[in-house]
Structure formats: structure tokens, C-alpha cells
Amino acid sequence: MLYESNDLKSVPILKVTGLTKRYGQLTVLDQVDFELSKGEVVAIIGPSGSGKSTLIKSLNLLVKPDAGTYEIEGTSLTIQKITKAFQKSLVEKTGMVFQNFGLFSHLTVLKNLTLPLVKAKGLSEKEADHRAKNVLQQVGLEDKLASFPHQLSGGQQQRVGIARALALEPEVLLLDEPTSALDPERVGEVLEVIKALSRQGFTMVVVTHEMQFAKKVADRIVFMDEGKIITQGAPETIFSNHAPERVKQFLNRFNLYTI
Ligand SMILES: Nc1ncnc2c1ncn2[C@@H]1O[C@H](COP(=O)(O)OP(=O)(O)OP(=O)(O)O)[C@@H](O)[C@H]1O
Ligand SMILES: [Mg+2]
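Residues numbered from 1 in each chain as written. Chains lettered and ligands numbered in written order. Predicted model: local features only at pLDDT ≥ 70, side-chain atom pairs only at ≥ 80, totals over all residues. Heavy atoms only, no water.

A. Representation of the overall build of the protein chain within the structure. If you tally the helices and strands in the protein chain, you get ten helices and ten strands. When the backbone C-alpha atoms are referred to their principal axes, the protein chain occupies close to 50 × 50 × 50 Å. Each of the 259 residues in the protein chain was classed as buried or not, and the buried ones make up 50%. Restricting to contacts in the protein chain with at least 6 residues of sequence separation, those with at least 24 account for 64%. Counting only carbon and sulfur atoms, one obtains 49% of the accessible surface of the protein chain, whose full area is about 13100 Å². Looking at charge distribution, the protein chain has the averaged site of its 31 positive side-chain charges lying 4 Å from that of its 29 negative ones. (Helix = DSSP H or I, 4+ residues; strand = E, 2+ residues; numbered from the N terminus. Buried < 20%, exposed > 50% of the residue type's maximum accessible area, 1.4 Å probe, protein only. Contact = heavy atoms within 4.5 Å. Areas by Shrake-Rupley, 256 points an atom, 1.4 Å probe, with all protein chains shown as cover. Lys, Arg positive; Asp, Glu negative; His and termini not counted. Charge placed at Lys NZ, Arg CZ, Asp CG, Glu CD.)

B. Examining the packing of aromatic side chains more closely. All told, the structure shown has two aromatic pairs when counted by the stated rule. Of the aromatic side chains, those joined through ring pairs into one cluster are Phe223, Phe250 and Phe254. (Phe/Tyr/Trp six-rings, centres within 6.5 Å; stacked < 30°, edge-to-face > 60°.)

C. Quick peek at the packing of helix H4 (residues 109-119) against helix H5 (residues 125-138). At a minimum axis separation of 9 Å, H4 and H5 run at an interaxial angle of 130 degrees. The orientation of H4 with respect to H5, classified from their angle, is oblique. Judged by the sense of rotation from one axis to the other, the crossing of H4 with H5 is right-handed. Residues Val109, Leu110, Lys111, Leu113, Thr114, Leu117 and Val118 of H4 lie in contact with H5, whose contacting residues are Glu125, Ala128, Asp129, Arg131, Ala132, Lys133, Val135 and Leu136. In the contact of H4 with H5, the residues fall into nine nonpolar, one polar and five charged. (Axes fitted to C-alpha atoms, helices over the stretch in contact; angles between N-to-C directions. Parallel < 35°, antiparallel > 145°, perpendicular 65-115°, else oblique. Left-handed = near helix turned anticlockwise from the far one by under 90°. Nonpolar A, V, L, I, M, F, W, Y, C, P; charged D, E, K, R; others polar.)

D. Molecular detail of the pairing of strand S10 (residues 228-233). Pairing of strand S9 (residues 220-225) with S10 involves five bridges; the strand directions are antiparallel. Across the sheet, residue Ile221 finds its bridge partner in S10, namely Gly233. Between the antiparallel neighbours S9 and S10 lie two residues, among them Glu226 with a positive phi of about 50 degrees. (Pairing = 2+ DSSP bridges.)

E. How the structure looks around the site of ligand 1. Near ligand 1 you find 13 residues, and of these Ser48, Gly49, Lys52, Ser53 and Thr54 are the closest. A distance of 3.1 Å separates an oxygen atom of ligand 1 from a polar backbone atom of Ser50. In this structure, an oxygen atom belonging to ligand 1 sits 3.0 Å away from a main-chain N or O atom of Gly51. In isolation ligand 1 has 630 Å² of accessible area, and contact with the protein removes 58% of it. (Near = heavy atom within 4 Å. Polar contact = N/O pair within 3.5 Å; in protein donor to acceptor, adjacent residues only side chain to side chain.)

F. Structural view of the sheet that holds strand S4 (residues 67-72). Here we have four strands laid out as an open sheet, ordered S2-S1-S4-S5, and antiparallel in their pairing. Edge strands, defined here as strands with exactly one partner in the open sheet, are strand S2 (26-37) and strand S5 (75-78). Averaged over neighbouring strand pairs, the angle between their axes works out to 10 degrees when direction is ignored. As defined by bridge partners, strand S1 (residues 12-23) adjoins S2 across eight bridges and the pair is classed as antiparallel. Bridge pairing in S2 places Tyr23 opposite Leu26. Here helix H2 (residues 52-59) sits on the sheet and contacts S1, S2 and S4; the angle it forms with S2, its principal contact strand, is near 55 degrees. Of the strands in this sheet, S1, S4 and S5 are in contact with helix H3 (residues 84-93), which crosses S4 at around 70 degrees.

G. Spotlight on H3. Along H3, the residues that are buried comprise Phe86, Leu90 and Lys93. Viewed along the axis of H3, the buried residues span an arc of 65 degrees, placing them on a single side of the element. Of the exposed residues in H3, those oriented more than 90 degrees away from the buried face are Lys84, Ala85 and Lys88. At its buried positions, H3 is contacted by S1, H2, S4, S5, strand S6 (94-97) and strand S7 (172-176). (Arc of directions from axis to C-beta.)

H. Spotlight on the pattern of salt bridges. Inspection of every chain in the model, using the stated rule, returns 14 salt bridges. The salt bridge partner of Glu125 is Lys111, with a shortest N-O separation of 3.8 Å. Here Glu125 is found in helix H5, whereas its partner Lys111 is found in helix H4, with 14 residues between them in sequence. On the accessibility criterion, Glu125 (45% relative accessible area) is partly exposed. Taking relative accessible area as the criterion, Lys111 reaches 36% and is therefore assigned partly exposed. One salt bridge connects Arg131 with Glu169, and the closest N-O pair in it is separated by 3.6 Å. (Salt bridge = Lys/Arg side-chain N within 4 Å of Asp/Glu carboxyl O.)

Geometry only, nothing functional implied.
See below:
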């Protein structure tokens, strides 16, 4: 059966409720509820220290919250009851892209991609090579297979980071400030790759300070402050005069209407 894209967007992939994370006395996530549907692109924005990275890393248990419930594929478990199998399917569903690329510096671009495929996914070298080359082509780096990360620009390294996540064939890409470590002239090439993925209907959550990008690409914007989701909605609602005062104050710092 063929689905209309609107139908696809209503199928939840992952749902978390009551996520709470504390570091000592500090509550970094405070009862956060978050749901992600197939084909959705969600941008998480908000001030520094508001809990954006903690939230996105909690979604695949890279950070383990103190409390909360996870739901995937109709199974719902509290953090205390999560099994190894549940955690494994959560990790397999999600690919993570980090601010600082997270590449292995002693491995070539190709090996950075094939190693996890062979070691974690059990692919043969030949299958891994084939898949790696395909995704590297997708991010425009098929001519850099034999390069080492230090021989690439930051933008190219981040595109390798995205390709590596894609090679594992996740259902969702989680990107934590994928462009904030880049020189301004390199930001665009990485945002273009993310835009292309969104056009293909890829499900993504991206923490970003690139407001123009969020406005253009996201289906939904989530605004966080002090460990809470203050508001969320379509870009035209969030980037409007009707947004809550805290959101408007935050957005006023960005020069949103000049381009
Ligand atoms: N491992 C940790 N140990 C102690 N405190 C932490 C740890 N990780 C994060 N925090 C604190 O939790 C709060 C939220 O951090 P988080 O990294 O989620 O913020 P953020 O919204 O991603 O900020 P930024 O925009 O600067 O990346 C901050 O006050 C931070 O100092
Ligand atoms: Mg962060």
C-alpha cells in the first residue's frame, strides 16, 4: 500500500515521556516528553546549557536518564526496566552525528565507514566497501576514500561523519550541532547534505544554532530552556509574533530577517 506523505508523518518511531536527568543538584532534563514521527525533521533550539545535547543523546541512551519511559514499536519500558534487546533496537534505529565529527584519525575515510559495518553489523569486507562507497557518493566524497581525516576540511570531515551514520542504515539521524565546529564558509555544504536527506524523507532530529536552516528545513521546532521544552510547533508559528516571549527574546539575537 502506498502512503501519502502526511500519513507517513503520523507513524511514531520513538516516543519518550517524563525524561529526567540530574547531574548532582542540577536538573538538566526536567520531565521532558518528546515524540518523533516517520519522515519528520525536528530542530531543537534554545540557549546554551538548556539541555539540548542531553536530550538528543538521551534519545538513544548515549546519556542514560534517571527517569523516563521509552516507547518503540509498540513496546513501552521505563528506564529502570530497559532490556539489552530494547536498548539494541533503539541504538540500531538511530545514527548519531557529532559536533566534532567523531572520526577515527588513524583510519582512512573508507575504513572509518567499513569498520563499524564489519565489526558491529557483521557485513563482509566486500559488502561493507560497496555500501560505504554508495553513501560517500551521496555526500559527494567518492574521491576521498583513501584520505585520512586530517587531510580533509572540516566540512568534508563532517560529511564523512554523516556518511558513516547513514551507512549503518538507521531510521533516524540524530545530529548535535553538526555545523558549529565549522568555519562559516564550510557550513553550507554540510547543511546542503542535511537538506537533501530531508527532501528524501529521512527522519531527523537536529540540534542547531542555524536558525535560517531550522526555519527552512524543519517540520517542527522544539524550543528548550532550563531542561524543559518550553514550546514546539511549525516554524511559521515559532518564528512569529505569537511565539512565547522567551522564544522571541532568544530569536531576537539572530538576524533572521536580513537574508
Ligand atoms: N556530564 C556532565 N556532567 C555534569 N554536568 C553536565 C554534564 N553534561 C551536561 N551537563 C550540564 O547540563 C546542562 C545542559 O547541558 P547540555 O550539554 O545538554 O546543554 P546544551 O543545551 O546542549 O548547550 P550548548 O548549546 O552549549 O551545547 C549544562 O548546565 C551542563 O553544564
Ligand atoms: Mg549542546
